[in-house]
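Overview (structure and organization)
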Amino acid sequence: MCGIVGYIGEKNPIEVLINGLKNLEYRGYDSAGIALKNESQIQVIKSVGKIANLEEKIKEENLITSHLGIAHTRWATHGKPTEENAHPHTVGKVTLVHNGIIENADELRNKLIKEGVTFHSETDTEVVAALINKYYENNPLTAINKALTELKGSYALGILFSDSNDLYAVRKDSPLIVGLKDHEYFIASDIAAIIDYTNKYILLDENEIAHITKDNVTVTKNNNVLEKKVETTNMEQDAKDKCGYDHYMLKEIMEEPVVLQKTFKPYLEHLEKLPDLTSYEEIHIVACGSAMYAGMIGKTLLEEYANTKVEIDVASEYRYKNIIYDRKTLVILISQSGETADTIAAMRKAKENNVETLAIVNVKTSTIARESDTQIFIEAGPEIAVATTKAYILQVGIMALLAYKTALTKNLVKEEHKVLEEAEKLPRLIKEVLDRREEYKKVAQAIYQKEDIFFIGRKIDYATSMEGSLKLKEVSYIHSEAYQAGELKHGTISLIEDGMPVFAIVTDETIKDKTISNIEEVKSRGASTILITNEKYQTDDLQIVVPKISPYFQPILIVPTLQLIAYETAKLRGCDIDKPKNLAKSVTVE
Ligand code: G6P
């Protein structure tokens with residue numbers, strides 16, 4: 001899961017490439033590099049760490065004059081994040097950047113070593129460069145096509161040849177687009193990288209090769225020239241600006257009322273636009289990370305209020321399990337990026353078994369959006385911070401509406417008008433919750449020096465706790481775990497020490513008394529509890545009380561408080577909030 005950008009045109013490529021890399025840093029940021037090409041040479045510059053380090057290094061170099069270049073930001077898979085392993089990689093006449101994983105890299109490497117190739121890095125990417133170089137005589141397309149027949153795995157590649165002035169690109173199971181402008185062409189892992197220059201692009205499909213000259217683009221597959229549709233995006237430029245906020249994470253949290261108004265409300269007013277889940281005997285929800293936790297909220301609501309059988313799994317497990325599809329099943333895939341490798345594999349597994357797929361997805365041009373049978377677009381706009389916030393809220397919102405519609409169809413909704421009235425108030429209520437920053441700062445002050453924190457809840461509150469815990473640990477690096485409140489005493493309670501913070505989420509009317517007893521259990525063992533609730537309790541615990549609304553939508557008001565507590569805590573700890581270490585926003589490798 002790396003980011004690729006490439007440029008050919010009138011400009012000096014450096015500006016385009018660095019700007020593109022910065023916009024792609026969310027895809028990984030442990031090292032970066034560029035290759036510039038002119039008539040006589042290719043200049044490669046690489047550095048470990050963030051793009052800013054590469055920029056510094058470039059300033060010290062004597063750059064060649066050029067109008068063609070490729071660049072890469074890396075999230076290490078094969079080999080440590082060192083300069084040797086950073087892309088671009090050069091073997092012979094071939095210099096390239098790669099996103100994805102070559103599964104038979106070891107086998108190919110051994111073969112190539114026997115044929116006399118010397119490798120300088122531990123990467124699978126260098127193997128691709130060596131393979132293309134092996135087949136390169138004087139025709140780049142022939143060499144690429146031959147190499148593709150031997151590669152197993154996923155790849156998006158931007159390729160330069162030392163004796164050609166053109167740019168080549170190809171992809172399989174990793175995203176890549178070709179951006180178009182008058183007399184300028186780009187390649188990029190996603191449109192965000194090049195939106196400052198163009199909103200027009202071509203989507204490359206599996207194993208299609210783009211041959212890009214300074215005057216045109218030709219796309220071929222198996223040597224047949226293809227007619228490609230030019231797509232236009234209207235992604236607003238300001239989605240990429242911080243708009244005065246210190247961090248994208250904060251900006252994106254603050255956008256929650258707006259995106260909820262834009263996406264959630266139209267569906268609320270036109271439930272008929274959502275699929276009818278009652279025609280299936282079983283629902284499977286499959287996703288990764290926060291998207292999976294949004295799915296957990298969906299599962300709880302569907303089971304609890306819509307009497308619907310739901311199985312849920314993380315995609316990395318689901319794809320390899322023996323799933324018994326013996327009833328009429330719908331597989332719901334939840335993914336912000338639509339490019340998460342495991343979620344894609346889970347979708348394909350369902351399709352191979354002739355099971356219908358529904359994607360709840362943000363990026364419309366993504367693989368999951370294109371390959372699933374039905375889509376619900378959450379329309380969160382670009383999300384730049386690695387930790388998802390506004391997209392997660394919309395995933396939860398859509399799952400809540402699906403549960404609500406299902407319950408309605410089954411005549412299970414009591415006080416329908418009240419539920420609807422409350423749902424309509426959500427954008428305003430969430431704004432009120434977000435505006436209480438001082439309360440979250442106070443909680444952050446109380447926890448930021450701790451090293452272990454627990455979250456507890458039952459039923460829907462447990463599902464919410466999972467996301468609260470994940471958000472906190474991913475941005476603040478504080479170890480935290482979420483537990484079903486009733487399960488803590490079966491082992492984990494032995495870890496509770498004096499002053500250890502325990503967040504308790506208490507909103508579910510049907511079970512809250514039990515959770516309150518569990519709170520007492522941890523308090524009597526020294527824990528400092530922080531209640532996140534929808535009604536005030538007479539205790540001296542720290543409390544965040546959000547407005548009480550229909551249980552379908554209650555998590556939508558609880559989660560922003562947890563997001564902001566995570567944000568404020570990370571800020572106090574001086575963490576790199578928008579780009580937490582070791583993470584990537586879009587995990588396009590398994
Ligand atoms: C990564 C991100 C998470 C995200 C997960 C699934 O791990 O850091 O924030 O929830 O991938 O991503 P998706 O794009 O499929 O929602």
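Okay, the overall build of the protein next. A count of helical and extended segments in the protein gives 17 helices and 25 strands. Taken over the C-alpha trace, the protein has a radius of gyration of 25 Å; the compact-globule value for 590 residues is 25 Å, and the two agree within 12%. Dimensions of the protein, computed from the C-alpha atoms along their principal axes, are close to 75 × 50 × 45 Å. Here the protein holds 590 residues, and 61% of them are scored as buried. Within the protein, contacts between residues at least 6 apart in sequence are counted, and of these 71% link residues at least 24 apart. With the model as given, the accessible surface of the protein reaches about 23,100 Å², and the carbon-plus-sulfur share is 47%.

With that out of the way, let us pick up the site of the ligand. Within the structure, the ligand sits among 13 residues, and S290, S335, Q336, S337 and T340 are positioned closest to it. Separating an oxygen atom of the ligand from a backbone N or O atom of S290 is a distance of 3.0 Å. In this structure, an oxygen atom belonging to the ligand sits 2.6 Å away from a side-chain N or O atom of S337. In isolation the ligand offers 390 Å² of accessible surface; the protein chains occlude 89% of this area. Counting residues per element, the shell around the ligand draws most heavily on helix α8 (residues 289-306), which supplies 3 residues. Residues that form the shell around the ligand fall into these classes: 5 nonpolar, 7 polar and 1 charged.

On to the nonpolar core, then. Core analysis: the biggest nonpolar cluster contains 94 residues, and I332 and F553 have the highest contact counts within it. Those residues in contact with F553 that lie beyond four places of it in its chain are F264, A400, L401, V419, A423 and L426. Core analysis: the second largest hydrophobic core is formed by 29 residues, I102, F119, A130 and Y136 among them.

Reading across the sheet, the 7 strands line up as β5-β6-β7-β8-β12-β13-β14 and stay open at both edges, with antiparallel pairing between neighbours. The open sheet terminates on both sides in strands that have one partner only, identified here as β5 (89-91) and β14 (224-226). The average undirected angle you get between the axes of adjacent strands in this sheet is 30°. By the bridge criterion, 6 bridges tie strand β6 (residues 94-99) to strand β7 (residues 155-161) in an arrangement that is antiparallel. When the bridges of β7 are listed, V94 appears paired with F161. Of the strands in this sheet, β7, β8 (167-172), β12 (209-212) and β13 (217-221) are in contact with helix α5 (residues 140-148), which crosses β8 at around 20°.

Another point: the domain arrangement of the protein. By domain assignment, the protein separates into domain 1 (3-244) and domain 2 (254-572). Domain 1 puts 12 residues into the contact, and the matching count from domain 2 is 8 residues. Both sides of the domain 1 and domain 2 interface together cover about 920 Å² of buried area, and 58% of this is carbon and sulfur. Taken together, the connections running from domain 1 to domain 2 amount to 2 salt bridges. In this structure, R370 engages D205 in a salt bridge whose closest nitrogen and oxygen atoms are separated by 2.7 Å.

Turning our eyes to something else, we now look at the sheet that holds strand β23 (residues 501-506). An order of β22-β21-β23-β24-β25 is seen for the 5 strands of this open sheet, with the pairing classed as parallel. The sheet terminates laterally at β22 (479-484) and β25 (542-545), the two strands that pair on one side only. Averaged over all pairs of adjacent strands, the angle between strand axes in this sheet comes to 20°, irrespective of strand direction. In this structure, strand β21 (residues 452-457) lies alongside β23, joined through 3 bridges in parallel fashion. Residue pairing for β23: F454 is matched across the bridge by V502. Against the sheet, helix α15 (residues 460-476) engages β21, β22 and β23, with an angle of about 175° to β22. The sheet contacts of helix α16 (residues 512-523) involve β21, β23 and β24 (528-533), and relative to β23 the element is tilted by about 170°.

What follows covers the packing of aromatic side chains. Counted under the stated rule, the structure contains 11 aromatic pairs. Where Y136 meets F161, the ring centres are 4.6 Å apart and the plane angle is 45°; that geometry is what we call tilted. Residue Y136 is located in the loop between α4 (124-135) and α5, and its partner F161 is located in strand β7; the two are separated by 25 residues in the primary sequence. Both residues of the pair, Y136 and F161, belong to the buried class. Where F186 meets Y197, the ring centres are 5.6 Å apart and the plane angle is 20°; that geometry is what we call stacked. Of this pair, F186 sits in strand β10 (residues 184-188) while Y197 sits in the loop between β10 and β11 (200-203); the two residues are 11 residues apart in sequence, bridging distant segments of the chain. In this structure, F186 and Y197 share a single accessibility class: buried. Ring pairing ties together the aromatic residues F264, Y305, Y404, Y552 and F553, which thus form one cluster.

In a regular helix each residue adds 1.5 Å, so 12 residues correspond to 16 Å; helix α10 (residues 341-352) covers 16 Å between its end C-alpha atoms and thus fits that length. Counting buried positions over the 12 residues of α10 gives 9, a clear majority of the element. Listed in full, the buried residues belonging to α10 are A341, D342, T343, I344, A345, A346, M347, K349 and A350. Turning to α10, the residues buried within the fold contact β16 (282-287), α9 (315-318), β18 (329-335), β19 (356-361) and α11 (367-371). Downstream of α10 by one or two residues, N354 has phi in the positive range, about 55°.

So, on to the side chain of N85. Among the secondary structure elements, N85 is positioned in the loop between β4 (68-74) and β5. Looking at N85, the relative accessible area reads 1%, which means it is buried. For N85, the side chain forms a polar contact with the main-chain oxygen of K80, separated by 2.9 Å. Residue contacts for N85: discarding those within four places in its chain leaves R74, G79, K80, S121, E122 and T123.

Taking a probe equal in size to a water molecule and rolling it over the atoms shows the remaining empty space. The tally for this structure, following the rule as stated, stands at 2 cavities of 30 Å³ or more. One number sums up the size of the largest cavity: a volume of about 60 Å³. What lines the largest cavity is a set of 13 residues, and nearest its centre among them are R74, T77, H87, D124 and T125. Residue composition of the lining of the largest cavity, by class: 3 nonpolar, 8 polar and 2 charged.

Time to look at the pairing of β23. Of all 6 residues making up β23, 6 are buried, and the element is well covered by its neighbours. Burial along β23 is two-sided: P501, F503 and I505 facing one way and V502, A504 and V506 facing the other are all buried. With 6 bridges connecting them, β23 and β24 associate as parallel partners. By the bridge assignment for β24, V506 is matched with T533. Between the parallel elements β23 and β24, the chain passes through α16 in a crossover that is right-handed.

Rules and cut-offs
In this numbering scheme, every chain counts its residues from 1 along its sequence in written order. With the structure being a predicted model, the display of local features is reserved for residues of pLDDT at least 70 and the display and counting of side-chain atom pairs for 80 or more, all residues being used for whole-chain, interface and lining totals. With hydrogens and water excluded, all non-hydrogen atoms of the structure serve as input to the side-chain values. In this description a helix means any DSSP run of H or I spanning at least four residues, a strand means any run of E spanning at least two, and both kinds are numbered starting from the N terminus. All radius of gyration figures rest on C-alpha atoms, and the globule criterion is 2.2 Å times the number of residues raised to 0.38. Each residue is placed in one exposure class: buried if its accessible area under a 1.4 Å probe, protein chains only, is under 20% of its type's maximum, exposed if it is over 50%, and partly exposed if it falls in between. Throughout, a residue-residue contact means that at least one pair of heavy atoms, one from each residue, lies within 4.5 Å. With residues, only the protein chains shown are counted as cover, and all accessible areas are computed by Shrake-Rupley using a 1.4 Å probe. Think of it this way: one heavy atom of a residue within 4 Å of a molecule or strand is enough to make that residue near it. Pairs of N or O atoms are called polar contacts if they sit within 3.5 Å, as long as, within protein, a hydrogen donor faces a hydrogen acceptor (for residues adjacent in sequence, only side-chain-to-side-chain pairs). Throughout, the ten residues Ala, Val, Leu, Ile, Met, Phe, Trp, Tyr, Cys and Pro are labelled nonpolar, Asp, Glu, Lys and Arg are labelled charged, and all others, Gly among them, are labelled polar. Take the buried residues of types Ala, Val, Leu, Ile, Met, Phe, Trp, Tyr and Cys, join any two whose side-chain atoms come within 4.5 Å, and each joined set is a nonpolar core. Pairing between two strands requires that DSSP report at least two bridges joining them. Between N-to-C directions, angles span 0 to 180 degrees; the directions come from axes that are lines fitted to C-alpha atoms, helices contributing only their stretch in contact. These domain limits were set by an automatic method or by a database of domain assignments. A simple way to read buried area is as the amount of 1.4 Å-probe accessible surface that goes missing from two parts once joined, with both sides added. Salt bridge, as applied in this entry: a Lys or Arg side-chain nitrogen positioned within 4 Å of an Asp or Glu carboxyl oxygen. Pairing of aromatic rings covers Phe, Tyr and Trp, the last through its six-membered ring, and needs centres within 6.5 Å; plane angles under 30 degrees mean stacked, over 60 mean edge-to-face, and all others mean tilted. To estimate how far a helix should reach, multiply one less than its number of residues by 1.5 Å. Cavities and pockets are defined on a 1 Å grid built over the protein atoms alone: a cavity is a set of grid points where a 1.4 Å probe fits but cannot escape, while a pocket is an open set with protein on both sides within 12 Å along at least five of seven lines, and lining residues are those with an atom within 4 Å of any such point. Grid points are joined across faces, edges and corners, and a volume is the space filled by probe spheres set on the points. With strands facing away from the observer, any crossover in which the path from the first strand over the helix to the second runs clockwise is taken as right-handed.

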